[in-house]
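# Structural features, examined
Spelled out from the first residue to the last, the chains are:
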Amino acid sequence: MSTVSAHVAHALAAHTDHIFGVMGNGNAYFLDALERSGSVTFTAVRHEMGGVVAADAYYRAGGGLAVATATYGAGFTNTLTGLAEAAQARIPLVLVVGDEPTSGPRPWDVDQIALAAGVGARTYTVGRTDAAATTIIAIEHALNFRVPVVLALPYDVSATEAGEVPPLPELRRPAAIEVRGEVMHAHVAAAAAALTTAKKPYLLAGVGAWLADAGVALGELAAATGALTSSTALGRGIFPEQQYDLGVTGGFGAEGAMELVREADVAVVFGAGLNQFTMRFGELFAPGTTVIQVDTAPSATHPHVGSFIRGDAAIVARALTAQLGERTGEPWREQVNIAAALKREPGDAQAPDGRLDPRSLAIRLAELLPEDRVVVTDGGHFLGWGNMYWPVASPDRHMMIGTAYQSIGMGFPSVVGATRAKPSATVVLNSGDGGGLMALADLESAVRAAAGHGIGVIWNDAAYGAEVNLYGLKGLATGPMLIPEVNFAGLAEAVGAEGVVVRELADLDRLAEWVKLDPSERKFLMLDCRISGTIIAPYQEEIIRVNASPTIVSENTR
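Rules used throughout
Residues numbered from 1 in each chain as written. Predicted model: local features only at pLDDT ≥ 70, side-chain atom pairs only at ≥ 80, totals over all residues. Heavy atoms only, no water. Helix = DSSP H or I, 4+ residues; strand = E, 2+ residues; numbered from the N terminus. Rg over C-alpha atoms; globule rule 2.2 N^0.38 Å. Buried < 20%, exposed > 50% of the residue type's maximum accessible area, 1.4 Å probe, protein only. Contact = heavy atoms within 4.5 Å. Areas by Shrake-Rupley, 256 points an atom, 1.4 Å probe, with all protein chains shown as cover. Lys, Arg positive; Asp, Glu negative; His and termini not counted. Charge placed at Lys NZ, Arg CZ, Asp CG, Glu CD. Phe/Tyr/Trp six-rings, centres within 6.5 Å; stacked < 30°, edge-to-face > 60°. Arc of directions from axis to C-beta. Axes fitted to C-alpha atoms, helices over the stretch in contact; angles between N-to-C directions. Left-handed = near helix turned anticlockwise from the far one by under 90°. Nonpolar A, V, L, I, M, F, W, Y, C, P; charged D, E, K, R; others polar. Patch = residues over 30% accessible without salt bridge, like charges linked within 9 Å, V, L, I, M, F, W, Y side chains within 5 Å. Salt bridge = Lys/Arg side-chain N within 4 Å of Asp/Glu carboxyl O. Pairing = 2+ DSSP bridges. Right-handed = clockwise from strand over helix to strand, strands pointing away. pLDDT = per-residue confidence, 0-100.

### Examining the overall build of the protein
- Assigned secondary structure in the protein consists of 22 helices and 18 strands.
- For 558 residues, the compact-globule estimate of 2.2 N^0.38 gives 24 Å, and the protein sits close to it at 24 Å.
- Projected onto its principal axes, the C-alpha positions of the protein cover 75 × 65 × 50 Å.
- Looking at the protein as a whole, 58% of its 558 residues are labelled buried.
- Considering only residue pairs separated by 6 or more positions, the protein has 78% of its internal contacts joining residues 24 or more positions apart.
- When the accessible area of the protein is evaluated, it comes to approximately 21600 Å², of which 53% is carbon and sulfur surface.
- Distance between charge centroids for the protein: 2 Å, based on 39 positive and 59 negative side chains.

### Comments concerning the packing of aromatic side chains
- The final tally for this structure, using the stated rule, is six aromatic pairs.
- Centre to centre, the rings of Tyr72 and Tyr155 are 5.9 Å apart; their planes meet at 85°, and the pair counts as edge-to-face. Of this pair, Tyr72 sits in the loop between β3 (66–70) and α4 (74–77) while Tyr155 sits in the loop between β6 (148–154) and α8 (181–197), placing them 83 residues apart in sequence.
- Among the residues examined, Tyr72 registers a relative accessible area of 11% and is labelled buried.
- On the basis of an interplanar angle of 35° and a centroid distance of 6.1 Å, the ring pair of Trp390 and Trp459 is categorised as tilted.

### Here's the deal with the side chain of Glu140
- Mapped onto the elements, Glu140 comes out in helix α7 (residues 131–145).
- Setting aside its immediate chain neighbours within four residues, Glu140 contacts Phe145, Glu170, Leu171 and Arg172.

### As for helix α22 (residues 538–547)
- Of all the positions in α22, only Tyr539, Gln540, Glu542, Ile543, Val546 and Asn547 are classed as buried. End-on, the buried residues of α22 take up no more than an arc of 155°, which puts them together on one face.
- Looking at the buried side of α22, the elements it contacts are α15 (383–389) and α19 (465–470).

### Re helix α2 (residues 28–37)
- Among the residues of α2, Phe30, Leu31, Ala33 and Leu34 are the ones counted as buried. Taken around the axis of α2, the buried residues stretch over an arc of 160°, which confines them to a single face. Set apart from the buried face of α2 by more than 90 degrees, the exposed residues are Glu35 and Arg36.
- In this structure, the buried side of α2 is in contact with α1 (4–13), β1 (18–21), β2 (41–44), β3, β4 (93–99) and β6.

### Focus on the packing of α1 against α7
- Following both chains from N to C, one finds α1 and α7 inclined at 35°, their axes separated by 8 Å at the closest point. Crossing geometry of α1 relative to α7 is assigned as right-handed. Here Val4, His7, Val8, Ala11 and Leu12 of α1 lie close against α7, whose contacting residues are Ala131, Ala132, Thr135, Ile136 and Ile139.
- For the contact of α1 with α7, the per-class residue count stands at eight nonpolar, two polar and no charged.

### Examining a nonpolar patch on the surface
- There is a patch of nonpolar side chains on the surface, built from Val207, Trp210 and Leu211 and spanning about 220 Å² of accessible area.
- Take Trp210: it is sitting in helix α9 (residues 207–211).

### Some remarks on the pairing of strand β13 (residues 373–377)
- Most of β13 is tucked away, with five of its five residues classed as buried.
- By the alternation rule, side chains of β13 split into Arg373, Val375 and Thr377 and Val374 and Val376, which are all buried.
- Sheet topology places β13 next to strand β15 (residues 426–432); five bridges connect them, and they run parallel. Bridge pairing links Val376 to Leu429 in β15.
- Pairing between β13 and strand β14 (residues 398–400): three bridges, direction parallel. If you follow Thr377 over to β14, its bridge partner there is Met400.
- A crossover connection joins β13 to the parallel β14 through α15; in handedness this β-α-β unit is right-handed.

### Some points on the confidence of the model for the protein
- Summing up the model confidence of the protein, the mean pLDDT is 95 and the portion of residues at 70 or higher is 98%.
- Predicted confidence is poor over residues 551–558, with pLDDT under 50, and the contacts of this stretch with residues over four places away or in other chains come to 38 contacts.

### Re the sheet that holds β4
- Pairing within the open sheet is parallel, and its six strands lie in the order β2-β1-β3-β4-β6-β5. Each of the sheet's edge strands pairs with one partner strand only, and the pair in question is β2 and β5 (122–125). For this sheet the average axis-to-axis angle between neighbouring strands, irrespective of direction, equals 25°.
- Relative to β6, β4 is paired through seven bridges, and the arrangement is parallel. Paired with Leu95 across the bridge in β6 is Val150.
- Sitting on the sheet, α1 is in contact with β1, β3, β4 and β6, with an inclination near 155° to β6.

### Some thoughts on the pattern of salt bridges
- Enumeration according to the criterion identifies 21 salt bridges in this entry.
- A salt bridge links Asp56 to Arg60, with the shortest nitrogen-to-oxygen separation between them at 2.5 Å. Linking Asp56 with Arg60, this pair stays in helix α3 (residues 48–60), spanning four residues, or about one helical turn. Exposure class is identical for Asp56 and Arg60. Each is buried.
- The salt bridge involving Glu140 is made with Arg172; its shortest N-O contact spans 3.0 Å. Taken together, the residues span a long stretch of sequence, with Glu140 in helix α7 and Arg172 in the loop between β6 and α8 at a distance of 32 residues.
- Relative accessible area serves as the criterion here: at 60%, Arg172 is assigned to the exposed category.

Okay, here's the thing in structure tokens:
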């Protein structure tokens, strides 16, 4: 005989290798069953939100289905910001939580179903006879709709005997969306004709194209059309021929590269939502550009799109390549100086206030960081520097957890999930001091999980930099925007890492030495970089300009 919790653990174990979270009364029997099964690795974190964030990062880094667990009540409510981020970012995640007993709520219980629904997560509650089946249904829902779900274990049910585990059904997964109907086929034919005659074709890809495994197909289309390419911040590295790539598009893009994008006469967008930041608040494309969007969404996601093709990015890319006519003339990508277009402001060794210039710091870090790296980025003003100056090999090697919901404080637990998904790579945390302090509960988790495979880069300007830039410059009181300078190197050493305070570029020599060591011979390295807050990232300047206009938009992140 086995318990309801054992049935849930067995069903989850068939579809994931790792589960993240914090143990408590409501999930104790579930974690016991999980440990006894020996088929899934449980990684403990120190805050319940950290469990959800770690699971989220595990999925984004290519590990597979995201699964987290927490107890009921306060444990569950602690997960809500992480759940909201996963919902906004469309992450398939299962959160296993304890819940009130079937006899009714106790004095300390809250309406967890309503709370989960409020941030966009549906709840499935297991019973005494259907635990395995309900778990499979929850997994299917998460994967097929790309959303987080909550799997609730009532307190008086979790330890109940449930008999032998029944055979588990196969997951039902939807097929890739084909191009269907005369209208959509006509749009494909028209797009192929436009690309055939285009003098300056351009392809833009987002994370949706990566999820569709469209990299090779997009590379073939780019080669056949001679198109320049680029990606959204979360799609970086998707195109195979990076020598023809303009890097990240939008506020993180190099100014010369963005000028080339505005020269495009035909632009085809694959798997990118075209949010206001990617679109540079409507200024990415010139008025005469023909903009074609390919996506699985029901309709176009930006008013500048002139033609919309609903379909899988890889399928549509191959269809476009097959229908191209004969092109004449020298390809556009052979006519431009891409290296010159990608040049960025190098910065100075130090800013006028004597602190590090974040631009020169970012450039030096790019030279020293291991090539085989995964970058996890928290929210904050600083996030522009890594996105601008640090190339990544593929979209599953860079994630910004928190930006979908515009939150900070998710950096340290992101390290945990990324490390479990890519254990041989070096995981580089990219965080500010504000977000670092907010996530401090899981500093120990990050150091323990990544060990010699982990590097923390804290952009320490002793402030909430985005607020200073957006509101301090408007004359608002800056007192609440400032943070007493914190020694992150010392904090990291307290939990077993090596810490280095970086006040000048020469202090990064320790990083140069560290990367040469075998991971078994080194500790997690925390670089506490004392940067100047007077240097404003270009993407933030763009937001400041827009906020100064009559049309006010929300800030990118804190």
